[in-house]
Every structure is written in C-alpha cells, then in structure tokens.
Amino acid sequence: MKNYPKISVITPSLNKCGYLGQAIESVMGQDYPNFEHIVADGGSTDGTIELLKTYPHVKWISAPDNGQSDAMNKGFMMSDGEIITYLNADDYFEPRAFNAVIRYFQEGEKFVMGRVRVINDDGSSWINDPSVVFSEMIQWWRPAIFCFNPTGYFYLREVQETIGPFDVENHYTMDYDFLLKSSLRYRLKKIDAVLGAYRHIRDTKSRDYPLSDNWRNPFIFSKKYWRYLPVPEIPYVAAMYYYIIYVKENRNLRDLGRAIDGIKHRLIRKSQDALVLLKLWRAGRVAIFGASKTGGEFLQVCRRMGIKVEYFIDNNPALQGKQFMGVPVYFPSHLLEDGRGGGKNTAVLIASQGRRDEMRRLLKELNFTGEII
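Residues numbered from 1 in each chain as written. Predicted model: local features only at pLDDT ≥ 70, side-chain atom pairs only at ≥ 80, totals over all residues. Heavy atoms only, no water.

Draft legend 1. Geometry of empty space enclosed by the protein. The full count for this structure, using the stated rule, is 2 cavities of 30 Å³ or more. The computed volume of the largest cavity comes to approximately 60 Å³. Among the elements that make up the lining of the largest cavity, the one with the highest residue count is helix α7 (residues 174–185) (4 residues). Of the residues in the lining of the largest cavity, the class split is 5 nonpolar, 1 polar and 3 charged. Size it by volume and the second largest cavity reaches roughly 30 Å³. Every residue lining the second largest cavity is listed: Ala-40, Asp-41, Ile-61, Ser-62, Ala-63, Asp-65 and Lys-74. If you list the elements that add at least two residues to the lining of the second largest cavity, you get β2 (35–41) and β3 (59–62). Looking at the lining of the second largest cavity residue by residue, the classes come out as 3 nonpolar, 1 polar and 3 charged. (1 Å grid on protein atoms, 1.4 Å probe; cavity = no way out; pocket = protein on both sides within 12 Å on 5 of 7 lines; lining within 4 Å. Points joined across faces, edges and corners; volume = space filled by probe spheres on them. Helix = DSSP H or I, 4+ residues; strand = E, 2+ residues; numbered from the N terminus. Nonpolar A, V, L, I, M, F, W, Y, C, P; charged D, E, K, R; others polar.)

Draft legend 2. How the structure looks around the confidence of the model for the protein chain. Averaged over the protein chain, the pLDDT score is 83; the fraction of residues at 70 or greater is 82%. Throughout residues 207–214 the model reports pLDDT below 50, and contacts reaching past four residues in sequence, or to other chains, amount to 14 contacts. (pLDDT = per-residue confidence, 0-100. Contact = heavy atoms within 4.5 Å.)

Draft legend 3. The sheet that holds strand β15 (residues 371–372), seen in detail. Reading across the sheet, the 6 strands line up as β12-β13-β11-β10-β14-β15 and stay open at both edges, with mixed pairing between neighbours. Each edge of the open sheet is held by one strand with a lone partner, namely β12 (323–324) and β15. When strand β10 (residues 285–289) meets strand β11 (residues 311–313), the two strands line up parallel, connected through 3 bridges. Opposite Ile-288, over in β11, you have Phe-312 as the bridge partner. (Pairing = 2+ DSSP bridges.)

Draft legend 4. Fine view of the pattern of salt bridges. Applying the stated criterion across every chain yields a total of 14 salt bridges. Residue Lys-6 is joined to Asp-80 by a salt bridge in which the shortest nitrogen-to-oxygen separation is 2.8 Å. Highlighted residues: Lys-6 in the segment before β1 (7–13) and Asp-80 in the loop between α3 (68–78) and β4 (83–86), separated in sequence by 74 residues. For Lys-6, a relative accessible area of 21% puts it in the partly exposed group. Between Lys-181 and Asp-177 there is a salt bridge, and its shortest N-O distance comes to 3.6 Å. Taken together, the residues span about one helical turn, with Lys-181 and Asp-177 both in helix α7 at a distance of 4 residues. Judged by its relative accessible area of 28%, Lys-181 is partly exposed. Accessibility expressed as a relative area gives 5% for Asp-177, which makes it buried. (Salt bridge = Lys/Arg side-chain N within 4 Å of Asp/Glu carboxyl O. Buried < 20%, exposed > 50% of the residue type's maximum accessible area, 1.4 Å probe, protein only.)

Draft legend 5. Fine view of the environment of Val-112. Assignment of secondary structure puts Val-112 in strand β6 (residues 111–119). The exposure class of Val-112 is buried, given its relative accessible area of 0%. As for Val-112 and Lys-190, which are separated by 78 residues in sequence, their C-alpha atoms are 6.1 Å apart. Each residue touching Val-112, except ones within four places of it in the same chain, is listed here: Val-101, Tyr-104, Phe-105, Gly-152, Tyr-153, Phe-154, Lys-189 and Ile-191.

Draft legend 6. Representation of unusual backbone geometry within the structure. Residue Asp-31 is not a glycine yet carries a positive backbone phi of 55°. Of note, Asp-31 is situated in the loop between α1 (17–28) and β2. Accessibility expressed as a relative area gives 55% for Asp-31, which makes it exposed. With a phi angle near 60°, Arg-96 is a residue other than glycine that sits in the positive phi range. Summarising the element assignment, Arg-96 is placed in the loop between β5 (92–93) and α4 (97–106). A relative accessible area of 47% places Arg-96 in the partly exposed class.

Draft legend 7. Structural context of the packing of aromatic side chains. The tally for this structure, following the rule as stated, stands at 24 aromatic pairs. Aromatic pair Tyr-86 and Phe-166: ring centres 5.4 Å apart, planes at 90°, arrangement edge-to-face. Residue Tyr-86 is found in strand β4, and its partner Phe-166 is found in the loop between α6 (157–163) and α7; the two are separated by 80 residues along the sequence. According to the relative accessible area criterion, Phe-166 is buried, its value standing at 7%. (Phe/Tyr/Trp six-rings, centres within 6.5 Å; stacked < 30°, edge-to-face > 60°.)

Draft legend 8. Structural view of the nonpolar core. Core analysis: the biggest nonpolar cluster contains 63 residues, and Phe-98, Phe-111, Trp-140, Phe-154 and Tyr-155 have the highest contact counts within it. When residues no more than four places from it in sequence are discounted, the contact partners of Phe-111 are Phe-105, Tyr-153, Phe-154, Tyr-155, Val-159, Phe-178, Leu-179, Ser-182, Arg-187, Leu-188 and Lys-189. Among the nonpolar cores identified, the runner-up in size contains 25 residues, and Ala-291, Ile-307, Val-309 and Leu-335 belong to it. (Core = buried A, V, L, I, M, F, W, Y, C linked by side-chain atoms within 4.5 Å.)

Draft legend 9. Structural detail: the side chain of Asn-170. Its place among the elements puts Asn-170 in the loop between α6 and α7. For Asn-170, a relative accessible area of 11% puts it in the buried group. A polar contact of 2.9 Å, which involves the side chain of Asn-170, links it to the backbone nitrogen of Thr-173. Residues within four places of Asn-170 in sequence aside, it is in contact with Ser-69, Asp-177 and Phe-221. (Polar contact = N/O pair within 3.5 Å; in protein donor to acceptor, adjacent residues only side chain to side chain.)

The following block contains the structure:
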C-alpha cells in the first residue's frame, strides 16, 4: 500500500447547508495529502448548491434520489479511493482522524474503527465507544454497543465491493446493517481514537425518527442475523428482542415492562456487586482511583465489608501527600513507584463513573497489571 493511499470521503446530503460547510472544512483540515470529497445531494433548495460551488475540490451531484442509501451508493460509484469513509452533511471529522487510521491500513488491516463523539442538543457530548464483536453488536438495545455513525470507521474499497450496495429500502439503519455484514466477513480493527463527531440533535433524521411510534421497524432486519450467532446465544437475543419490541414499548404492557426491568436491574446489580467484592477480597492490596465524595462512599463500603484500602490515587496536585478520610493520596504513578503497588495482586477501584474510560486508559498507559474494577 502507498504511504498515502487515497481516501474517498462520501457525503449524502439534503438541505443541510447550515452544517455542510463545517463537514467539508473538517475534511480539508485533516493534514492528509491524498483524498477526494464527494457530495451526493438529493436536490437541495436551501443554498447547498451555492455553497458547494465555493469548494472547487469537491466533486458533487445534485438530483432527486431514493433516500440516503441511494445517495451513498451514487457517491461510492463516483469515487476511486483505496479507502472509503462516509461523512453525513451534519457531522464532521475530528482533527487528524485520517492520520489516526492510516498506519493500520499500512499494517494490513482492511476495516478500522474508532470512537465517535455524540453531540446533544445542549452542546454537551459523550463518547460512543462501540464493540467490534458481531455477537455483541447485534444486541442493538445495549447502550452504545455498535458504532452510531460512519465517521467512526474507514475500510478498504474491496470491503464495500464484497458486501454490496446499501439497501435503498432501508432508510434509517443502512450503516448498522453494513457493519453487521462486514463483521461477518472481515476483522474490524478497534483503535484508541475519537475519529468523528455525530450530531444527535433535533431536526436530524436519526434523532427524530426513533421518537415516533414506528421506531422499532428499522431493527426488524436484525432478526435475519440470528442464524450467525452461536446456538447457545440465540435464545437470549431472541428473548430480549421480543421483550423490547412487544412488551417494553407496548403501551398496554408498559407497566409489566417496567416491573420486569426493575427485577432485571436488581438481579444484575446484585451479581455485579458480588463479583466486585469477590475481586476485592481476592486482591492483596486495594487502591481507590478518585479522592472525591464518591471515592469516600466507596471507602466506607469497603470498610463495612472488612476490605482495607491502602491509598487513594488522584491526578489533583493539591491532594498529593495529604490524607483523605484517613487514607493517603498519591498520583497514579505511585502504583508503579511503590514496590508492591504495580503488581498483579493490586486492585484499583475506579470511583468516577463519568471518567471511567479515561482512567482505564491512563492505567493502561502506565502498564498497570493489576485488577481494574
């Protein structure tokens, strides 16, 4: 593969002039020398055409189509890059996303997936950190289990040529369908990088449609993939599918759904708590990541259960060398500086739910080999 293989960015668009400029600029700002940007427009009347004319490097077509899948197929036919990615008109790439994926293609990967920033109406955001395992991805009811947006993955041209065109009858989950098909044929390489941003806001198709009574229809197609699951996993997936479609979201059965949900969550919580305690009891040393109110609550639970917490770890310089609730506080690097702190017999209990992924990555960067809970 060349040092800079050509990346084809394909953008389906319809009356998204207010966002399209940022999408185009996010491609132009990638600091990558070999790309093409193709916009397949469905016949916009909001100034999109005038905007496209101000970007001479963009190849575009504007004509009525049969929906987003049709536009994506048209864009692919117009492209000639070795690597393909899709960018919806109201989304954008994070800086240096192209450089983040390219080395994996140079190492022989065919499909590379990262994470996606999901932007809410109020401007806040969270990170969609998807699975790349087929048997997990098919469980669409699990939070953020599949990649929500095509800015989160790139693949070789041969992948789409093998999988075939997007289903023009599927107007809402064509990308999810494509991911499932791809995972059955190719290895999806997961990387530690946020590649794109996805606006999950009002007046976007993906946001508005699930709020309607017909939200369940796009997921009916997922049943055709059950036959690819290991036989022991099919009953669980089928039970959850029918429970959500016909019980949890049925107005007449909603109270029953809530009751079942409550029982299920209590059982799961009890099982999780038991597993955490087992790991802590088994550990030779215990540290809590986060000298905070939540960390203090965790400390009290450990004390009630007879589990000794050796120290807190925290990034706040103001806490270093001090004590929190009678327990010393150190930087995360103390796990390795301490002669026994970085061993396999140490367990780190992460106190902050909102920063759990960030803290896990930090511990991995430190080459921490103990249990992370």
